[in-house]
Amino acid sequence: AEPFGVERLVQLLPVSRRRLEHLFQKHLGRTPHDYLCQVRVSRAKELLAGPEDLTMAQVAKRCGFPNPQCFRVTFARLVGKTPLGYRRELPPTR
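Bear in mind that the values here come from a model prediction, so they are computed numbers and not experimental data.

K.L.:
Can you walk me through the confidence of the model for the chain in this structure?
P.N.:
In low-pLDDT regions, the fine details of the predicted coordinates are not to be read closely. Looking at the chain as a whole, the pLDDT averages 92, with 95% of positions reaching at least 70. The lowest-confidence element of the chain is helix α1 (residues 6–12), averaging 88 in pLDDT; the highest-confidence one is helix α5 (residues 68–79), averaging 97.

K.L.:
So what exactly am I meant to see when it comes to the environment of Pro-92 here?
P.N.:
When you line up the elements, Pro-92 lands in the segment after α6 (83–89). With relative accessibility at 78%, the residue Pro-92 sits in the exposed group. Linking Pro-92 and Asp-34, residues 58 residues apart in sequence, is a C-alpha distance of 31 Å.

K.L.:
Explain the nonpolar core to me, please; I cannot follow it from the model alone.
P.N.:
Looking at soluble globular proteins, one finds that nonpolar side chains tend to be buried together. Val-41, Ala-44, Leu-47, Leu-48, Leu-54, Val-59, Ala-60, Cys-63, Phe-65, Phe-71, Phe-75 and Tyr-86 form the largest nonpolar core, which has 12 residues in total. For this core, the elements supplying multiple residues, two or more each, are α3 (32–49), α4 (56–62) and α5. In this structure, Phe-71 is in contact with Ala-44, Met-56, Val-59, Ala-60, Phe-65 and Pro-83, ignoring residues within four places of it in sequence. Val-6, Leu-9, Leu-20 and Phe-24 belong to the second-largest nonpolar core, a separate cluster that totals 5 residues.

K.L.:
How should I be thinking about the environment of Pro-83 in this particular structure?
P.N.:
Looking at where Pro-83 falls in the secondary structure, it is placed in helix α6. Relative accessible area serves as the criterion here: at 3%, Pro-83 is assigned to the buried category. Separated by 27 residues in sequence, Pro-83 and Met-56 place their C-alpha atoms 7.6 Å apart. With sequence-adjacent residues up to four places away left out, Pro-83 is seen in contact with Leu-48, Met-56, Phe-71, Arg-72 and Phe-75.

K.L.:
Would you mind showing me how to read the state of the cysteines here?
P.N.:
What we call a disulfide is simply a covalent bond connecting the sulfur atoms of a pair of cysteines. Under the counting rule described, the total for this entry stands at 0 disulfides. Cys-37 takes part in no disulfide bond, and the closest cysteine sulfur to it belongs to Cys-70, at a distance of 7.0 Å.

K.L.:
What is the right way to read the side chain of Thr-74 from this model?
P.N.:
Mapped onto the secondary structure, Thr-74 falls in helix α5. The buried category is assigned to Thr-74, whose relative accessible area is 7%. Ignoring sequence-local partners within four residues, the contact set of Thr-74 consists of Cys-37, Val-41 and Phe-65.

Thresholds applied
- Residues numbered from 1 in each chain as written.
- Predicted model: local features only at pLDDT ≥ 70, side-chain atom pairs only at ≥ 80, totals over all residues.
- Heavy atoms only, no water.
- pLDDT = per-residue confidence, 0-100.
- Helix = DSSP H or I, 4+ residues; strand = E, 2+ residues; numbered from the N terminus.
- Buried < 20%, exposed > 50% of the residue type's maximum accessible area, 1.4 Å probe, protein only.
- Core = buried A, V, L, I, M, F, W, Y, C linked by side-chain atoms within 4.5 Å.
- Contact = heavy atoms within 4.5 Å.
- Disulfide = S-S within 2.5 Å.

Structure representation (structure tokens):
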């Protein structure tokens, strides 16, 4: 739930940023940034489908996005629809 980026990973691991990017690409087929974005969006989908009626700002914060606009843009890029559009297409749970 914290803003956590590639720079933080580099600080925590005993490898250079270039080596980290190479290892991510080799083993996961994506960059560390893309991986972190995917993890955040997956968590956002869980929160949007959950029982709590969270605002988009609350979801963004809980998933570690720096702001709601960054959340919206990243979500739309990876999912193909906005977070609100995604939520509206979920089956009713109540």
